[in-house]
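Reading the structure
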Amino acid sequence: MNEPAGLAATGGIVRPYGDTTGDGMVQLSFTLPIPHDARAEGAALQLAGKMGMAPAMVVHAKAMSEGFTFFVVYGSVTHLVDVSKVEVIEREYPLLPAKDVNAQIKRTLRRKLVVLGACIGTDAHTVGIDAILNVKGFAGEKGLEYYREMRVLNLGAQVSVPELVHRARAERCDAVLVSQVVTQRDAHLRNTRELSAAFREAMGTRRPLLVVGGPRFDPAMTDELGVDRIFGRGTTPGEVASYLVHAMGQHRGGAR
Amino acid sequence: MTIRPKLGLDGRTVRKARRLAQRATAPVVELAKTHTTVSVERAVLRLAGMTGTDPTLGSGEIPWVNRVVDTVRDQVGLEYGVALPVWHELRTGGYSSLDDLAEKVGSGSVQFAVPTGKDRDRAARAALAAARLGLSNIDRRRKERDRLIRRIGDPKQRPWIYLIVATGDIYEDIPQAQAAARAGADVVAVIRSTGQSLLDYVPEGATRQGFAGTYATQENFRLMRAALDDVSKEVGRYVRLTNYASGLCMPEIATLAGLERLDMMLNDSMYGILFRDINPIRTFVDQRFSRMVHARAGIIINTGEDNYLTTADAVDEAHTVTVSQLLNEAFAHEAGLADWQLGLGHAFEINPDIPESFRLELAHAMLARELFPDAPLKWMPPTKHMTGDVFRGYLLDGFFNLIGTMTGQGILLVGMMTEAVVTPWLSDRDLALQNVRYVLNAAGGLHEDFRPARGGFIAARAKQVLTEAVDLLDRIVDDGLLNAIADGTFGITKRPADRGRGLEGVVRRADGYHNPALELMEATGE
Ligand code: B12
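Rules and cut-offs
Residues numbered from 1 in each chain as written. Chains lettered and ligands numbered in written order. Predicted model: local features only at pLDDT ≥ 70, side-chain atom pairs only at ≥ 80, totals over all residues. Heavy atoms only, no water. Pairing = 2+ DSSP bridges. Helix = DSSP H or I, 4+ residues; strand = E, 2+ residues; numbered from the N terminus. Axes fitted to C-alpha atoms, helices over the stretch in contact; angles between N-to-C directions. Contact = heavy atoms within 4.5 Å. Phe/Tyr/Trp six-rings, centres within 6.5 Å; stacked < 30°, edge-to-face > 60°. Lys NZ or Arg CZ within 6 Å of the ring centre and 35° of its normal. Buried < 20%, exposed > 50% of the residue type's maximum accessible area, 1.4 Å probe, protein only. Salt bridge = Lys/Arg side-chain N within 4 Å of Asp/Glu carboxyl O. Domains from an automatic or database assignment. Near = heavy atom within 4 Å. Polar contact = N/O pair within 3.5 Å; in protein donor to acceptor, adjacent residues only side chain to side chain. 1 Å grid on protein atoms, 1.4 Å probe; cavity = no way out; pocket = protein on both sides within 12 Å on 5 of 7 lines; lining within 4 Å. Points joined across faces, edges and corners; volume = space filled by probe spheres on them. Nonpolar A, V, L, I, M, F, W, Y, C, P; charged D, E, K, R; others polar. Buried area = accessible area lost by both parts, 1.4 Å probe. Expected span 1.5 Å × (residues − 1). Arc of directions from axis to C-beta. Core = buried A, V, L, I, M, F, W, Y, C linked by side-chain atoms within 4.5 Å.

1. Some details on the sheet that holds strand E2 (residues 25-32) of chain A
All names here are of chain A. Here three strands make up an open sheet; going across it, the order is E2-E4-E3 and the pairing antiparallel. Each edge of the open sheet is held by one strand with a lone partner, namely E2 and strand E3 (53-64). When the angles between neighbouring strand axes are averaged without regard to direction, this sheet yields 20 degrees. Relative to strand E4 (residues 68-77), E2 is paired through eight bridges, and the arrangement is antiparallel. Among the inter-strand pairings, Phe30 is bridged to a residue of E4, identified as Phe71. Most of the contacts of helix H2 (residues 38-50) go to E3, to which it runs at about 140 degrees, and overall it touches E2, E3 and E4.

What follows is the structure, given as structure tokens:
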């Protein structure tokens, strides 16, 4: 990671930046379920205070609907951020160009890598999985179908888990890629758990690599959800391809 | 607002486009006239008043209409329709009512037969009487709407402001919808739960468990319409209610909408095919019936061209939107819908990073406006290029609203700056409405002054899209619409006619097929 100029000077400790270093200024908006009056503004300030904003200023308050007030609050946060203590999921694999991915599959598998993709449950959002799989790709990168050494089967949307397990078996696939976009009532988490449980039950440790993706996933939840890898917002096909060859080499060298 | 033409579109090209759309849809209409579906037949029973679910089978999710239609199908087939066997049995089997018959079907004691000769005539007459009663209920609800609008009034401005609620729980939706109306919504849409499109039955009762939307049920319709009637009086304008006649139960949902006085229904000719993988033939057969019901009920349909632009590029594929609008129009006219009932869809979905994106949007919106001067048109906000940058999103929505008023759109679906993040919060809706109000207030009359330069960028772009649309229609007429859909012409999504969900529910009609609802609606339509 490149350190911005300001960082070195403060030894990795930063505060939000409004218009001068160290002013700690942030903006915040929220709604409280109370009618707009002086007390409501006081309540907004109390919340801001508890969130570490001091001094804070209600710069906008507006009554909404019946019994609700919308606030915009500006203020300086008292908290310090220690950049050196931040934990992130580092990419655990090198990013490879397509030809290296192909060469690696050829060398380690000596056959095509079989990838099965789908949106499970009632989710009908296919643009994300298509971005990863279709030749057209995403963000200027070609999708997995473009990789000579991969055989890609895109089952589309609204695929049931049993159907997916069945196809994965029939096609003897190496990796299953699943997309989940709708997250209301944690539908994505529930569906992913159902997915991993079904594969565990049907195939045990010989199950294919399970990869899920979608804009609202937390990539740190792999263990909890029983899958091998989670991809989030803005994922590119190249990342996924590089991960797949890395994971195949690491763990199994093919699940057949 | 009267629409004065400003683009200088060539009248001959416009007429040619309509002629081609007519020809492209004719074979599909023929298909719809020679087939029926389980859902069309269930809609006939619903119209005749059959309600409720089988208490012994499943856990309350199997409606009687499904039980009866499935039983008729098993015993004698659906080639003649459900009406002849059902009303023959009803007449000769000593039942006290249609519901009584349903219960006996449930207990397995009914043996249906397709009546012939005099029996057939009598059964058909009885079925017609029952369907006539059902249609008169729909007619009554339509008159009631007209009366309420006369008494309470229509929104003062065009476009009508259209807001969505989507909590999954009808009892949460109701206060949200009322709040939306008080805040300025002229139309409230309750989006449906994910997955409902693929249910081959209509759920029953008041529901509280939807995902990203609320189930469409007759009871939910009734509750929401009643709540909006209350708030309409309070705000002094008739607040319209929208739901979705789409998916596998489109004809039944249309019927329930007519019976419960819904005012607008999403009812696109291809949405279910492209975005839910429902079989094309099933969709077109179901759709024709549902549109006839909408025509009868005075419901404004909303079509879904905006959705194509989420999977296809809004510039490269702009002409597919125009083509689809023309096809939707042709299908709608054939089903008896009048121009004022055609909320044809289109959207502000061009990538904002490309140069002159606003002028391109303006050109597309004006083209739609001038091609369909008497249709209300439904103008849909940016979704695909909305991101977590809600501030940028708010600006885009402002530009979207500006086009809405500049081009005289009839229905404006309010865009949310949090489109890419969450289903709308209370404050999102409030901010979005402020955005709309500011634009309508600041530039509501701009259309009077605005006229694109002759032969300039906007006029040329509109002309180009129309030309491309005519070329595509030409190809569709040659290849057949079903083949075009199979090839991925719309939304770059390929849907072959022999695949997709619900095909098993399609039945070719026999010569003596009888559908009392269709017969009555076709008679008044002509
Ligand atoms: C396009 C769209 C649709 C289209 C989908 C068309 C299609 N064939 O996909 C249509 C119109 C059909 C649609 C319908 C609905 N939609 Co929608 N839709 C969107 C929209 C506008 C864009 C989504 C999109 O295409 N993004 C672009 C892609 C490229 O991004 P992505 O999906 O995040 O994918 C990337 C990464 O996440 C990742 N990724 C994704 N999947 C995978 C999988 C793997 C294996 C990997 C490695 C990576 C990966 O890689 C991709 C590239 O970077 C969003 C709003 C928005 N702007 O985000 C709403 C949105 C997703 N929809 C939403 C909703 C609620 C619906 C409906 C349920 C509404 C309804 N009740 O009817 C229906 C759903 C029907 C259903 N059964 O699912 C909500 C979801 C709310 C939530 N969080 O639960 C959103 C956020 C809108 C909103 N604010 O309300 N929608």
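2. Some words on the sheet that holds strand E5 (residues 264-266) of chain B
All names here are of chain B. Strand order in this open sheet of nine strands is E7-E6-E5-E4-E3-E2-E10-E9-E8, and the pairing throughout is parallel. The sheet is open, and its two edges are formed by strand E7 (342-343) and strand E8 (345-347), each paired on a single side. Where E5 and strand E6 (residues 300-302) come together, three bridges link them in parallel fashion. Each bridged residue has a counterpart across the sheet, and for Leu266 the counterpart in E6 is Asn302.

3. Observations concerning the packing of aromatic side chains
Scanning the model with the defined rule gives 12 aromatic pairs over all chains in all. Across from the ring centre of Tyr146(A), 5.9 Å away, lies the NZ or CZ of Lys142(A), which sits over that ring.

4. Quick look at unusual backbone geometry
Note that the residue after Ala54(A), namely Pro55(A), is joined by a cis bond; omega there is -5 degrees. Relative to the assigned elements, Pro55(A) resides in strand E3. At the junction of Arg158(B) and Pro159(B), the peptide bond is cis and its omega measures out at -5 degrees in the coordinates. Inspection of the secondary structure assignment puts Pro159(B) in the loop between helix H6 (117-152) and strand E2 (160-165). In this structure, Ala139(A) takes a positive phi of about 55 degrees despite not being glycine. Secondary-structure assignment places Ala139(A) in the loop between helix H4 (127-133) and strand E7 (150-154). Look at Ala139(A) and you get exposed, because its relative accessible area is 59%. One non-glycine residue, Glu356(B), lies in the positive phi region at around 60 degrees. Within the secondary structure layout, Glu356(B) lies in the loop between E8 and helix H14 (357-371). Glu356(B) gets classed as partly exposed once you look at its relative accessible area, which sits at 41%.

5. Some thoughts on the pattern of salt bridges
All names here are of chain B. This model, assessed by the stated rule, comprises 41 salt bridges over all chains. In this structure, the salt-bridge partner of Asp200 is Arg282, at a minimum N-O distance of 3.0 Å. Residue Asp200 is located in the loop between strand E3 (187-190) and helix H8 (218-235), and its partner Arg282 is located in helix H11 (residues 280-297); the two are separated by 82 residues in the primary sequence. Classification of Asp200 as partly exposed rests on a relative accessible area of 24%. Of the residues examined, Arg282 reaches a relative accessible area of 0% and is grouped as buried.

6. Describing the domain arrangement of chain A
Examined at the domain level, chain A breaks down into domain 1 (9-84) and domain 2 (98-251). Averaged C-alpha coordinates put domain 1 of chain A and domain 2 of chain A at centres separated by 41 Å.

7. A word on the site of the ligand
The ligand sits among 43 residues. The nearest are Ala124(A), His125(A), Thr126(A), Ser179(A) and Glu419(B). The site occupied by the ligand is bordered by residues of chains A and B. Between the ligand and Ala124(A) there is a distance of 2.7 Å, counted from an oxygen atom to a backbone nitrogen or oxygen. One of the backbone N or O atoms of Thr126(A) is found 2.7 Å from an oxygen atom in the ligand. If you list the elements that add at least two residues to the shell around the ligand, you get H4 and strand E8 (175-179) of chain A together with helix H10 (271-276) and helix H12 (305-311) of chain B.

8. Let's talk about empty space enclosed by the protein
The tally for this structure, following the rule as stated, stands at five cavities of 30 Å³ or more. Counted as a void, the largest cavity has a volume near 140 Å³. Along its surface, the largest cavity is lined by 14 residues, and Ala318(B), Val321(B), His346(B), Ala347(B) and His364(B) are the ones closest to its centre. Within the residue set of the lining of the largest cavity, elements represented by two or more residues are helix H13 (318-334), E8 and H14 of chain B. Split by residue class, the lining of the largest cavity holds nine nonpolar, four polar and one charged. Met64(A), Ser65(A), Gln176(B), Ala179(B), Ala180(B), Ala183(B), Leu426(B), Arg429(B), Asp430(B) and Leu433(B) together form the lining of the second largest cavity. Those elements giving two or more residues to the lining of the second largest cavity turn out to be helix H7 (170-183) and helix H16 (426-443) of chain B.

9. A short note on the layout of surface pockets
Unfilled space is identified by rolling a water-sized probe across the atoms. In this structure, the second largest pocket occupies an estimated 570 Å³ of space. At the level of secondary structure, the elements contributing two or more residues to the lining of the second largest pocket comprise E2 and E4 of chain A together with helix H15 (390-406) and H16 of chain B. The element contributing the most residues to the lining of the second largest pocket is E2(A), with five residues. A class-by-class count of the residues in the lining of the second largest pocket yields 12 nonpolar, eight polar and one charged.

10. Notes on the interface of chain B and chain A
On the side of chain A, 20 residues touch chain B, which itself brings 30 residues to the contact. The junction of chain B with chain A conceals about 1,800 Å² of combined surface from both sides, 52% of it contributed by carbon and sulfur atoms. Counting across the chain B and chain A interface gives two salt bridges. The salt bridge involving Glu66(A) is made with Arg182(B); its shortest N-O contact spans 3.9 Å. The tally of links from chain B across to chain A stands at 10 residue pairs in polar contact (both at pLDDT 80 or more).

11. A word on H2(A)
Residues and elements named next belong to chain A. Taking 1.5 Å of rise per residue, 13 residues should cover 18 Å, and H2 covers 19 Å from first to last C-alpha, within 8% of that figure. Among the residues making up H2, those that are buried are Ala40, Ala44 and Ala48. The arc enclosing the buried residues of H2, seen along the axis, measures out at 85 degrees, which places them on a common side. Counted as exposed and oriented over 90 degrees from the buried face of H2: Ala38, Arg39, Gln46 and Lys50.

12. Points about the nonpolar core
Within the largest apolar cluster, 118 residues are counted, with the highest numbers of intra-cluster contacts made by Met224(B), Met270(B), Leu327(B), Val414(B), Leu481(B) and Phe490(B). Considering each element in turn, this core owes the most residues, 10 residues, to helix H18 (residues 457-479) of chain B. Discounting chain neighbours no more than four positions away, the residues touching Met224(B) are Val165(B), Ile170(B), Asp173(B), Ile174(B), Ala177(B), Val190(B) and Leu241(B). If you look at the next biggest cluster of nonpolar residues, it comprises 26 residues, including Leu113(A), Ala175(A), Val245(A) and Met248(A).

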